[in-house]
Amino acid sequence: MNDEKHLKIWNVYQSAWAPIGEAEWRDLLRQSVSDDIVYTYPTSKVHGMEALAERIGKTKEQFPGARFRNDSFLEHNGQGLFQWTMLNGEGAEALKGSSFARFGEDGRLVQATGFFEAKKG
């Protein structure tokens, strides 16, 4: 699978975090991540699609209307490095970060590891 297809999968995954209905974002998640995805970020570590869905639901509650913008993408050998920006409900930059991803044989994400400065306290 080439980098264009991996970028498309990543964009589908990021869209699952957008302010859309639960049925729609869960469908996007099924399209873009494996059932046994490993998701690690400074504020959480989860294993499995359902655990990730719960994490996304909590994030949506904590940051209503937020969405992600992909700023850059590097890929090789089934791995990707993404620079992204989280935009708040008004469209202003709320957080910048980077994510490392691994893609499985079917192209879906098997690992997503994010890096950003977690708020203290």
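The shown structure was predicted, so the numbers you read here are calculated from the model rather than taken from an experiment.

Participant: How do you make sense of the pairing of strand β2 (residues 44–47) when you look at a structure like this?
Facilitator: As a general feature of sheets, a regular strand has side chains that alternate between the two faces. Covered by surrounding structure in β2 are Ser44 and Val46 only, the residues Lys45 and His47 on the alternate face being uncovered. Sheet topology note: the strand β1 (residues 33–41)/β2 ladder contains 4 bridges and is antiparallel. Looking at the pairing, Val38 lines up with His47 of β2. The antiparallel hairpin formed by β1 and β2 contains 2 residues in its connecting segment.

Participant: Is there a simple way to think about the packing of helix α1 (residues 3–15) against helix α2 (residues 22–32) in this case?
Facilitator: The packing of two helices is summarised by the inter-axis angle and the distance between the axes. Two elements in contact, α1 and α2, have axes separated by 8 Å at closest approach and are oriented at 150°. One finds that α1 runs roughly antiparallel with respect to α2. Considering how the two elements wind past one another, α1 and α2 form a crossing that is left-handed. On α2, the residues that touch Ile9, Val12, Tyr13 and Ser15 of α1 are Leu28, Leu29, Gln31 and Ser32.

Participant: Sorry, what's going on with the pairing of β1 here?
Facilitator: By the bridge criterion, 4 bridges tie β1 to strand β6 (residues 109–115) in an arrangement that is parallel. When the bridges of β6 are listed, Val38 appears paired with Gln111.

Participant: Sorry if this is basic, but what is going on with the sheet that holds strand β5 (residues 93–103) here?
Facilitator: Overall, mixed pairing links the 6 strands, which are arranged β2-β1-β6-β5-β4-β3 in an open sheet. Each edge of the sheet is formed by a strand with only one pairing partner; in this case those strands are β2 and β3 (67–76). Sheet twist, expressed as the mean angle between neighbouring strand axes with direction ignored, is 20°. Sheet contacts for α2: β1 and β6; angle to β1, the most-contacted strand, approximately 100°. Against the sheet, helix α3 (residues 49–62) touches β1 and β2, its axis set at about 50° to β1.

Definitions and limits used
- Residues numbered from 1 in each chain as written.
- Predicted model: local features only at pLDDT ≥ 70, side-chain atom pairs only at ≥ 80, totals over all residues.
- Heavy atoms only, no water.
- Buried < 20%, exposed > 50% of the residue type's maximum accessible area, 1.4 Å probe, protein only.
- Helix = DSSP H or I, 4+ residues; strand = E, 2+ residues; numbered from the N terminus.
- Pairing = 2+ DSSP bridges.
- Axes fitted to C-alpha atoms, helices over the stretch in contact; angles between N-to-C directions.
- Parallel < 35°, antiparallel > 145°, perpendicular 65-115°, else oblique.
- Left-handed = near helix turned anticlockwise from the far one by under 90°.
- Contact = heavy atoms within 4.5 Å.

Take it as geometry only, folks, not as evidence of what the structure does.
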